[in-house]
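# Residue-level structural notes
Spelled out, the chains give:
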Amino acid sequence: MSPKKSSYNTGFYKEPGPILDSESPFESMMERFRFAAEILELDEGLFKYLASPVKQVIVSVPIIMDSGKIEVFEGFRVIHDNVLGPSKGGVRFSPDVNLEEVKALAAWMTWKCAVVNVPFGGAKGGIRCNPKELSLGELERLTRRYTANLLDVFGPDRDIPAPDMNTNEQVMAWIMDTYSMNAQRTETAVVTGKPIILGGSEGRKEATGRGVVTVTLAALNKLGLMPNKVTVAVQGFGNVGSVSAQLMYEQGAKVIAISDVSGGYVNRAGIDIPHALDYIKSNNNSLEGYPHADLISNSELLEIDCDVLIPAAKEDQISKHNAGNIKAKIISEGANGPVTANADSILEQNGIMVIPDILANAGGVTVSYFEWVQDRQGYFWTEERVNRRLNRMMRNAFDNVYNVSEKHKITLRQAAYVYSIDRVATTLKMRGIYA
Ligand code: NAD
């Protein structure tokens, strides 16, 4: 089923242009949003509402550099939507950050939160800077001034930042402290992804990979495949990829290929994942030279003969150029945007089930929600409780999306958008438009 030509034109969403070789993941996401709106026969006014971010803020962030000179950076925060609750989304530090990108990423967060029934809207932020060129002190001053300039935007009931590209636990701790100093009370719930000692959650680090595996197991079940009878290939061996590989291994699956930026490593007899994890710890966090496997390229890894493929490295890995060569039965998108919109229809024709990123990797935002809940309660859960609740929410989300896909005879990706847009639009209709 291919998207019909849209009758909507809001200015924010581009009309589909010629199929390009390199597709932006954001354009792909926008196209999917428009397709879902058509299936839902979404009222044009609601479409316009959901296509426009509720707030877009650009701040100038001056800091004193270590040299004593003043430097001025540009910071952004976009709240795409706050219909379901306070908005949630990461803050990235990168030389490429710009308003258009932040707007698209904020919308992406709206759909991701809605698909797992987390009561948050979507947001995203960033500072245009090169963090590699900044000292720790400069990064701290940049983070604190950015936060101070956004004190009226952030808040545990308003908008809750999280780590993203080039930001980490330490950056979250500075945001939390700056907000708290201004509020004159400790307000841990204003950010998530904090160190555990500052009100972070057990299980947060592993949450995305754990969620990937929960939905992958649910998908295997739908296809009548036993986890201990399947073969798995994982692209990327960082946070998401390594946890996904480990948990699939623990389920008895044969993980036959893993990879990182140094290349792909294949062993058809199965890779001992705990051993591979020990290996990277002793090898500067790299799989380079991994001895118990043959070296292949990352593109060969994607096309390997296996049951489950988990792309968990970066965007645009499966495009129209290689989609026809994919042999996996299930692709579980650990990364954001690893499959382009052009590749979707090829995979669909070949009967490959794709568990879309907004569902498959939503375990991270789900445990961020748990972190916020725990901070607000001032009562912290065990890792076992976090994992149990995460598994339940991911499993329910998979079932909801699967049912929508069956009902409309559409792919899981289209169904995930239909489900989440319907949820936000229905809530919006009930709340009405305040005037
Ligand atoms: P990470 O930095 O911990 O790991 C990335 C891994 O990918 C590394 O092993 C790296 O070597 C590898 N890699 C980089 N370029 C590669 C290439 N060209 N080919 C093969 N491997 C390559 O990052 P992460 O946190 O695991 O995130 C991975 C993806 O998952 C990203 O798309 C991210 O946006 C997405 N994601 C992460 C989370 C989270 O909670 N960490 C949540 C949602 C989505």
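Criteria and cut-off values
Residues numbered from 1 in each chain as written. Predicted model: local features only at pLDDT ≥ 70, side-chain atom pairs only at ≥ 80, totals over all residues. Heavy atoms only, no water. 1 Å grid on protein atoms, 1.4 Å probe; cavity = no way out; pocket = protein on both sides within 12 Å on 5 of 7 lines; lining within 4 Å. Points joined across faces, edges and corners; volume = space filled by probe spheres on them. Helix = DSSP H or I, 4+ residues; strand = E, 2+ residues; numbered from the N terminus. Nonpolar A, V, L, I, M, F, W, Y, C, P; charged D, E, K, R; others polar. Pairing = 2+ DSSP bridges. Axes fitted to C-alpha atoms, helices over the stretch in contact; angles between N-to-C directions. Domains from an automatic or database assignment. Buried area = accessible area lost by both parts, 1.4 Å probe. Salt bridge = Lys/Arg side-chain N within 4 Å of Asp/Glu carboxyl O.

Computed from the structure, the largest pocket encloses a volume of approximately 1600 Å³. Lining the largest pocket are 48 residues, with Pro163, Asp164, Met165, Arg204 and Asn336 positioned closest to its centre. Taken together, the elements giving at least two residues each to the lining of the largest pocket come down to helix H1 (25-39), strand E3 (87-94), helix H3 (99-115), strand E5 (159-163), helix H6 (204-222), helix H7 (239-250) and helix H12 (363-377). Residue composition of the lining of the largest pocket, grouped by class: 14 nonpolar, 18 polar and 16 charged.

With that settled, the discussion passes to the sheet that holds strand E1 (residues 55-64). For sheets, the rule is that strands pair by backbone hydrogen bonds, running either parallel or antiparallel. What the five strands build is an open sheet, ordered E1-E2-E4-E3-E5; its pairing is mixed. Each edge of the open sheet carries a strand with a single partner, namely E1 and E5. Here the strands of the sheet are splayed against their neighbours by 25° on average, with no regard to which way each runs. One ladder, built from six bridges, connects E3 with strand E4 (residues 121-128); its direction is parallel. Bridge pairing links lysine 88 to glycine 122 in E4.

Right, let's get into the domain arrangement of the protein chain. According to the domain assignment, the protein chain consists of domain 1 (53-187) and domain 2 (207-360). Using C-alpha coordinates to define each centre, domain 1 is positioned 31 Å away from domain 2. When the buried surface of domain 1 facing domain 2 is broken down by residue, Trp108, Lys112 and Val115 rank first, second and third, together holding 83% of it. Connecting domain 1 to domain 2 are zero salt bridges.

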